[in-house]
Amino acid sequence: MDQHFQHSGMARPSLFQRLRCLPFVPKMDAFLTSDGYFVLLALLTVLCNAFGLEKWVYTVFILLGVYISFFGRDYLSIVPIVVCCYIAPYITNNPGAYETSVFYIGHGGLYFIILAALFALSVLLRLALDPDIGRGAFFRAKRRLMPGILALGGAYLTAGAFSGHYFAHGTGNLVFALVQFAAIGVLYYILAGAVKWDRVPRDFFTMTGFTVGLILVAEIIVMYLTAKPFEGGELDRNVLYTGWGNYNCMGGLLTMMIPFAFHMATLRRPQWLYSFFGIVFLVGVLLTCSRTSILCAAVVYAASFAVFCLRSPKRRATVVMNVSLFGAMGAYMLLMHYDTLVEYLEIFTIFRSIQSRFDGFAAGIQQFLDYPIFGGSFYATDYVLEEWSTVENFTSFFPGLWHNTLIQIGASCGLVGLGAYGYHRFQTVLLVLRKPTTANLFIGLSILGMLMMSLFDCHIFNIGPALFYSMALAFAEKQDNA
């Protein structure tokens, strides 16, 4: 309850209801859904990524999260924090590339575990004691997609059952299954019940995706300034990585943000400015040199532009701008940087990596045939998958991936997993078809981008895209005013 209580004839207000009556709460409520809030998170994330300020920035993020737990109207405002936490790390703190990453115990990891535990405790207290968004109200909330998510999570947990390989890598298979289940299910479950959906600003999730896109573009610029991929005289995309992933990870996540620039253009003015950032996001994907991301980003961009034209009555300036800018950029590159353009296009002719993908596909299909019911576990049983990480602490719980969602699930979880994934995917498609709001169409395009890229890169098994996907499902199902 957000109003002061009239105690006569009413039950004694709870701790959190009383906290919500403090005088500073209304202004903070307004800030936590404002553009200024997104700007603050963006600045903190980029500064952390550029200068290695993890301890300071994550402390601020957790303090904001704890404030939301004790004083916030609901848990809506943690949505952008979740993604920012994932994309904030500095390059030398990448746990997959550096044994000295601050996220490992002995190098500062214990501090981050304590921070995470404090926030988790604050969430448990809010949900246990607050009658507005906790207790019975939380558990009674409708979650139509939960059956499919539970089925998929159950399939993850039984990956490799009866194959003899379930514990071949110690508890690594079980830990990976639990992490993947949590990444897809936990945020959906929490947000579906702990957000007052009738009070969610119609552009909040769109602003989240738009802000993440801007952050990623800034991080790509930082990456180019520090990695200098042309320093050797020709393009070396292997130096393009940051504290949370390599060029494929960055290109994949940025591709998922393209639709939100166009959705912003349907919600705010001037439309051409927000759609211009759709072009900026597409150029950012091109700069990552991720081939799969580039091809899928072109499709997602075209589809997003088409939906924008269908759902926006004032589109002439945007259409003219797109045609003019693409024409000008194409002419400039052909006339002034032809050699660089040709060198860039050569990334599509790198045969070795393409061949290794198809060799892996064949091996994954064979693992499925060998263990057709529950799969052979998340670890390859008779094939050595390429892994970009060489840090044992990382590879011990994050196995090499098959680079195709269907092959990954079939090889790891068998027919049980494929059936569960099919059921989950059926529920998500049906949701968008039954509720084709403008917001859901753009969310659907973002998810479609992830699924297309996951036919050649397993983005759905990377933690960050899965977390964003989980939150997107909650908004697609629960928000009615978008």
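This one's a predicted model, so the numbers in the text were calculated from it and none came from an experiment.

Cut-off values and rules
Residues numbered from 1 in each chain as written. Predicted model: local features only at pLDDT ≥ 70, side-chain atom pairs only at ≥ 80, totals over all residues. Heavy atoms only, no water. Helix = DSSP H or I, 4+ residues; strand = E, 2+ residues; numbered from the N terminus. Rg over C-alpha atoms; globule rule 2.2 N^0.38 Å. Buried < 20%, exposed > 50% of the residue type's maximum accessible area, 1.4 Å probe, protein only. Contact = heavy atoms within 4.5 Å. Areas by Shrake-Rupley, 256 points an atom, 1.4 Å probe, with all protein chains shown as cover. Lys, Arg positive; Asp, Glu negative; His and termini not counted. Charge placed at Lys NZ, Arg CZ, Asp CG, Glu CD. Axes fitted to C-alpha atoms, helices over the stretch in contact; angles between N-to-C directions. Parallel < 35°, antiparallel > 145°, perpendicular 65-115°, else oblique. Left-handed = near helix turned anticlockwise from the far one by under 90°. Phe/Tyr/Trp six-rings, centres within 6.5 Å; stacked < 30°, edge-to-face > 60°. Lys NZ or Arg CZ within 6 Å of the ring centre and 35° of its normal.

1. Concerning the overall build of the chain
Thought 1: Helices and strands together make up the secondary structure of the chain, namely 20 helices and 2 strands.
Thought 2: Since a compact globule built from 482 residues should have a radius of gyration of about 23 Å, the 23 Å found for the chain is in line with a globular shape.
Thought 3: Put simply, the chain has 482 residues, and 54% of those count as buried.
Thought 4: Residue pairs at least 24 apart in sequence account for 77% of intrachain contacts in the chain once pairs closer than 6 positions are excluded.
Thought 5: As displayed, the chain offers around 21,200 Å² of accessible surface, 69% of which is attributable to carbon and sulfur atoms.
Thought 6: If you average the places of the 30 positive and of the 26 negative side-chain charges in the chain, the two averages end up 17 Å apart.

2. Here we look at the packing of helix H9 (residues 172–194) against helix H20 (residues 463–478)
Thought 1: At a minimum axis separation of 8 Å, H9 and H20 run at an interaxial angle of 30 degrees. Our classification of the angle between H9 and H20 gives roughly parallel. Handedness of the H9/H20 crossing: right-handed. For the pair H9 and H20, contact is made by Val179, Gln180, Ala183, Ile184, Gly185, Leu187, Tyr188, Leu191 and Ala192 and by Ile463, Ala466, Leu467, Tyr469, Ser470, Met471, Leu473, Ala474, Glu477 and Lys478, respectively.

3. Considerations on the packing of aromatic side chains
For any two aromatic rings, the description comes down to two numbers: the centre-to-centre distance and the angle of the planes.
Thought 1: Tallied over the entire structure, the rule returns 39 aromatic pairs.
Thought 2: Measuring from ring centre to ring centre gives 5.6 Å for Phe210 and Phe277, while their planes differ by 85 degrees; the resulting arrangement is edge-to-face. Of this pair, Phe210 sits in helix H10 (residues 204–227) while Phe277 sits in helix H12 (residues 271–288); the two residues are 67 residues apart in sequence, bridging distant segments of the chain.
Thought 3: Its relative accessible area of 23% is what places Phe277 among the partly exposed residues.
Thought 4: Ring centres of Phe210 and Phe281 lie 6.0 Å apart, and the angle between their planes is 45 degrees; on these two criteria the pair is classed as tilted. Of this pair, Phe210 sits in helix H10 while Phe281 sits in helix H12, and the two are 71 residues apart along the sequence. Of the two residues examined, Phe210 and Phe281, each falls in the buried class.
Thought 5: In textbook terms, an aromatic cluster arises when at least three aromatic residues are bridged by ring pairs, as seen for Tyr156, Phe176, Phe378, Phe394, Phe398 and Phe461.
Thought 6: Cation over ring: Arg143 sits above Phe138, and NZ or CZ is 4.8 Å from the ring centre.
Thought 7: Here Arg143 stacks its cationic end above the ring of Tyr189, 3.7 Å away from the centre of that ring.

4. Brief notes about unusual backbone geometry
Thought 1: A cis geometry characterises the amide bond from Arg269 onward to Pro270, with omega recorded as -5 degrees.
Thought 2: If you trace the backbone, Pro270 turns up in the loop between helix H11 (247–267) and H12.
Thought 3: Even without a glycine there, the phi angle at Ser377 is positive, about 95 degrees.
Thought 4: Mapped onto the elements of the fold, Ser377 is located in the loop between helix H16 (351–370) and helix H17 (392–395).
Thought 5: Non-glycine residue His403 carries a positive phi angle of around 65 degrees.
Thought 6: Locating His403 in the fold gives a position in the loop between H17 and helix H18 (405–434).

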